[in-house]
Amino acid sequence: MCRGFGALVSSCRNPFRRRLLQSASAKGAEAQSYGRPASTRAPDRREHDAEISDFQPPKDSHFDWVGPPDRFSNLRCVKFYIPKNESKLEQQLRKLRTDTQNWNQKFWSNQNITFNKEKEEFIHSHLKAKGLGLRDEEGRKNILTAEEMAEFYKAFLNTNYEKHVNYNKEWYRRNFTITWLMGRAVLQNAWRRLRRRKEVKQ
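About the cut-offs
Residues numbered from 1 in each chain as written. Predicted model: local features only at pLDDT ≥ 70, side-chain atom pairs only at ≥ 80, totals over all residues. Heavy atoms only, no water. Helix = DSSP H or I, 4+ residues; strand = E, 2+ residues; numbered from the N terminus. Buried < 20%, exposed > 50% of the residue type's maximum accessible area, 1.4 Å probe, protein only. Contact = heavy atoms within 4.5 Å. Areas by Shrake-Rupley, 256 points an atom, 1.4 Å probe, with all protein chains shown as cover. Phe/Tyr/Trp six-rings, centres within 6.5 Å; stacked < 30°, edge-to-face > 60°. Expected span 1.5 Å × (residues − 1). Bend = angle between axes of the 7 residues up to and from the residue. Axes fitted to C-alpha atoms, helices over the stretch in contact; angles between N-to-C directions. Parallel < 35°, antiparallel > 145°, perpendicular 65-115°, else oblique. Nonpolar A, V, L, I, M, F, W, Y, C, P; charged D, E, K, R; others polar. Polar contact = N/O pair within 3.5 Å; in protein donor to acceptor, adjacent residues only side chain to side chain. pLDDT = per-residue confidence, 0-100. Salt bridge = Lys/Arg side-chain N within 4 Å of Asp/Glu carboxyl O.

Undergrad: Even after reading the chapter, I still don't get the overall build of the protein, so can you show me in this structure?
TA: For the protein, the helix and strand inventory stands at five helices and two strands. Put simply, the protein runs from its N terminus to its C terminus through helices and strands in the order α-α-α-β-β-α-α. Here the protein, with 202 residues, has 34% of them falling under the buried criterion. Of the contacts formed within the protein by residues at least 6 apart in sequence, a portion of 67% connects residues at least 24 apart. Accessible surface, the protein: about 13900 Å² in total, of which carbon and sulfur atoms supply 54%.

Undergrad: Honestly, the packing of aromatic side chains in this entry has me stumped. Any pointers?
TA: Here the distance between the centres and the angle between the planes together describe a pair of aromatic rings. According to the stated counting rule, one finds 11 aromatic pairs in the structure shown. Ring geometry for tryptophan 103 versus tyrosine 167: centroids 5.1 Å apart, planes at 15°, classification stacked. Of the two residues, tryptophan 103 sits in helix α4 (residues 88-129) while tyrosine 167 sits in helix α5 (residues 146-201), which places them 64 residues apart along the sequence. On the basis of an interplanar angle of 90° and a centroid distance of 5.1 Å, the ring pair of phenylalanine 107 and tryptophan 108 is categorised as edge-to-face. On the accessibility criterion, phenylalanine 107 (14% relative accessible area) is buried. The structure contains a cluster of three or more aromatic residues connected by ring pairs, namely Trp103, Phe107, Trp108, Tyr167 and Trp171.

Undergrad: What am I meant to see in α5 here?
TA: One full turn of an α-helix is made of 3.6 residues, so residues set three or four places apart face in the same direction. The end-to-end C-alpha distance of α5, which contains 56 residues, comes to just 72 Å, noticeably less than the 82 Å that a straight helix rising 1.5 Å per residue would cover. Largest kink in α5: about 55°, centred on asparagine 160.

Undergrad: Explanation requested: the packing of α4 against α5 in the structure shown.
TA: The packing of two helices is summarised by the inter-axis angle and the distance between the axes. Where α4 meets α5, the closest approach of the two axes is 10 Å, and the angle between their N-to-C directions is 170°. Overall, the two elements α4 and α5 adopt an arrangement that is roughly antiparallel. In the contact of α4 with α5, the residues fall into 19 nonpolar, 11 polar and 12 charged.

Undergrad: When you look at the side chain of asparagine 160 in this model, what are you seeing that I'm missing?
TA: With respect to the helices and strands, asparagine 160 occurs in helix α5. The class for asparagine 160 is buried, based on a relative accessible area of 7%. For asparagine 160, the side chain forms a polar contact with the main-chain oxygen of phenylalanine 156, separated by 2.8 Å.

Undergrad: Just checking my understanding: could you explain the confidence of the model for the protein for this structure?
TA: Do not read the predicted coordinates in detail wherever pLDDT is low. Mean pLDDT over the protein stands at 79; residues scoring 70 or higher make up 72%. Across the protein, element-level confidence peaks in α4 with a mean pLDDT of 95 and bottoms out in helix α3 (residues 45-54) with 47. Here residues 28-51 is a poorly scored stretch, pLDDT under 50, and it has 41 contacts once near neighbours within four places are set aside; other chains count.

Undergrad: It is not clear to me how the environment of aspartate 70 should be interpreted in this structure. Could you clarify?
TA: Inspection of the secondary structure puts aspartate 70 in the loop between β1 (65-69) and β2 (76-79). Spatially, the C-alpha atom of aspartate 70 lies 8.6 Å from that of glutamine 105, the residues being 35 residues apart in sequence. Here the side chain of aspartate 70 touches glutamine 105 through a polar contact of 2.9 Å, side chain to side chain.

Undergrad: What am I meant to see in the pattern of salt bridges here?
TA: Two side chains carrying opposite charge are able to pair once their charged atoms lie near each other. Using the criterion set out here, one finds nine salt bridges in the structure. Ionic pairing is found between glutamate 121 and lysine 117, a salt bridge with its closest N-O pair at 2.7 Å. A residue pair is termed a helical-turn pair when its members lie 3 or 4 positions apart in one helix, as glutamate 121 and lysine 117 do in helix α4 at four residues. When its relative accessible area of 51% is taken as the criterion, lysine 117 is described as exposed. Residues joined in a network through salt bridges with shared partners are Asp99, Glu170, Arg173 and Arg174.

Spelled out as C-alpha cells, the structure:
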C-alpha cells in the first residue's frame with residue numbers, strides 16, 4: 001500500500017469505496033525487493049530524479065531487476081531485461097510494461113504528495129484555530145483527534161473518488177493487455193523451441 005494513503009483507506013466506512021481504495025493503493029507492490037527501505041525524511045525533487053536514473057543492473061544480467069522504493073510513490077522501479085534476439089511481440093510487451101510502470105509511478109507520486117500536503121495544511125489550520133502551535137511547551141508535537149482527522153480523510157476521499165475510479169479502469173485495461181501479450185509471447189517462444197528441436201533432428 002502506498003504509505004501516505006493507508007490512513008485514508010482505514011477511515012473509509014463505505015464498503016464499496018473501501019474496496020476501491022484498497023485495490024488502488026495495492027497496485028505496483030507485486031515485486032520482491034533487494035534494495036533499502038524507503039526513507040521517512042521529506043524528499044527533494046532533485047534527489048528523486050537522481051535516485052531513479054542512477055539505478056542500473058549489471059550489464060551481464062539476464063533477468064529483470066527490482067530497485068529500491070521510490071520516496072514519493074513508494075513503488076519499486078523495475079529495469080526490464082532486453083534479450084539480444086527480442087522479437088517484435090516481446091518488444092511491444094516490454095514497452096507497454098515500461099509505460100505502465102511510468103504511468104503508475106507518476107500517479108502515485110502526485111497522489112501521495114497531494115495527500116501529505118493537504119493533510120499538513122489541514123492539521124496546521126485546525127491547530128491554529130485552537131490557538132495551538134505545531135508543538136507544545138515541552139516540545140512535543142500537537143496532534144488532532146481521530147474524529148477531527150476523519151473530516152480530512154472523508155473530504156479527500158470525496159474529492160478524489162472519480163480519479164481513483166478512472167485509475168482502476170485504466171489499470172485493469174493495461175493489465176489485461178499485458179497478460180494477453182505475455183500469453184502470446186510464451187506461445188511464440190514455445191513454438192521457437194519446438195522448431196529448433198525439429199531442425200536439430202533433421
